[in-house]
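Chain and residue survey
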Amino acid sequence: MTAATGHLAVIDMQRVFAEPDSPWATPRFAEAAAGVRRLLPAFGERVTFTRFLAPGKPEGAWRAYYDQWPFALQPPDASLWRLTDEFADRARQFVDAPTFGKWTPELAERVASTGRLVLAGVSTDCCVLSTALAAADAGVEVLVVADACAGVDDDSHAKALHVMDLYRPLIRVITVAEAVGEPS
């Protein structure tokens with residue numbers, strides 16, 4: 001089975017992570033977006049875009065989190081939560097969640113037919129990592145496409161990839177070329 005026979009989840013390619021003046025800007029967002037663009041044709045309709053959204057009312061430890069990031073307490077239709085323009089028109093299936101991990105029942109149902117989840121997006125060291133670990137715990141084969149992800153900084157990105165790769169064979173870190181079956 002090639003990676004392109006799995007289901008691609010594009011994690012949180014939203015304005016809040018793309019715009020340089022955002023407190024949550026991901027410095028290499030454009031590089032991750034370039035990788036995602038290369039992946040999309042290989043997966044056709046087997047693509048889900050996710051969005052991180054603030055809860056209506058933070059509960060538990062999330063209260064302290066949003067005390068630190070009050071700018072993010074905006075409704076789901078706020079512009080910061082929208083996918084960037086280049087992906088908004090391409091997104092057919094969505095998963096929205098007020099959690100870092102996007103391994104929701106909806107995503108699990110979409111992945112069930114292939115048993116393989118291919119992850120790309122931002123940020124490697126937060127939402128990608130959280131999604132990968134939860135899916136692996138559920139028994140799904142997870143492929144993380146390193147050059148279609150970006151972290152809060154290069155060091156955090158590299159460390160997160162290293163940690164996920166420690167979970168082999170449940171989680172493997174690959175490249176876009178490997179994911180789409182390009183010759184090396």
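First things first, this report covers the structure right here in the doc. What you see is a predicted model, and the numbers here were worked out from it, not measured in a lab.

Turning our attention to the overall build of the protein. The helix and strand tally for the protein stands at eight helices and six strands. Walking the protein from its N terminus toward its C terminus, one meets helices and strands in the order β-α-α-β-α-α-β-α-β-α-β-α-β-α. The C-alpha atoms of the protein give a radius of gyration of 15 Å, which matches the 16 Å a tight globule of 184 residues would have. Each principal axis of the C-alpha atoms in the protein carries an extent, and together these give about 45 × 35 × 30 Å. Long-range pairs, those at least 24 residues apart, make up 77% of the contacts in the protein with a sequence separation of at least 6. In the structure as shown, the protein presents an accessible area of about 8700 Å², 55% of it carried by carbon and sulfur atoms. One way to put it: in the protein the 17 positive side-chain charges average out to a point 3 Å from where the 24 negative ones average out.

Quick look at unusual backbone geometry now. Residue Val122 is joined to Ser123 through a cis peptide bond whose omega torsion reads -15 degrees. For Ser123, the position within the fold is in the loop between β4 (116-122) and α6 (124-137). Of note in this structure, Asp12 is not a glycine but carries a positive phi near 55 degrees. Note that Asp12 resides in the loop between β1 (7-11) and α1 (15-18).

Right, let's talk about the nonpolar core for a bit. Among the nonpolar cores identified, the biggest contains 37 residues, and Leu8, Met13, Leu39 and Trp81 are the most heavily contacted of them. Those elements that provide at least two residues to this core are β1, α1, α2 (29-43), β2 (47-52), α3 (62-68), β4, β5 (141-150) and α8 (176-180). Beyond its immediate chain neighbours, meaning those up to four positions away, Leu39 contacts Leu8, Ala120, Val145, Ala148, Val176, Ala179 and Val180. The next biggest cluster of nonpolar side chains, apart from the first, holds 23 residues, and it includes Trp103, Leu119, Val128 and Ala146.

So, about the packing of aromatic side chains. Counting across every chain of the model gives 16 aromatic pairs. The interplanar angle of 65 degrees and the centroid separation of 5.0 Å between the aromatic rings of Trp62 and Phe100 together place this pair among those described as edge-to-face. Placement of Trp62 in helix α3 and of Phe100 in the loop between β3 (94-97) and α5 (105-111) is noted, with a sequence separation of 38 residues between them. Taking the relative accessible area as the measure of exposure, Trp62 reaches 25% and is therefore partly exposed. In this structure an aromatic cluster arises from ring pairing among Phe17, Trp24, Phe52, Trp62, Tyr65, Tyr66, Trp69, Phe71, Trp81 and Phe100.

Conventions adopted
Residues numbered from 1 in each chain as written. Predicted model: local features only at pLDDT ≥ 70, side-chain atom pairs only at ≥ 80, totals over all residues. Heavy atoms only, no water. Helix = DSSP H or I, 4+ residues; strand = E, 2+ residues; numbered from the N terminus. Rg over C-alpha atoms; globule rule 2.2 N^0.38 Å. Contact = heavy atoms within 4.5 Å. Areas by Shrake-Rupley, 256 points an atom, 1.4 Å probe, with all protein chains shown as cover. Lys, Arg positive; Asp, Glu negative; His and termini not counted. Charge placed at Lys NZ, Arg CZ, Asp CG, Glu CD. Core = buried A, V, L, I, M, F, W, Y, C linked by side-chain atoms within 4.5 Å. Buried < 20%, exposed > 50% of the residue type's maximum accessible area, 1.4 Å probe, protein only. Phe/Tyr/Trp six-rings, centres within 6.5 Å; stacked < 30°, edge-to-face > 60°.

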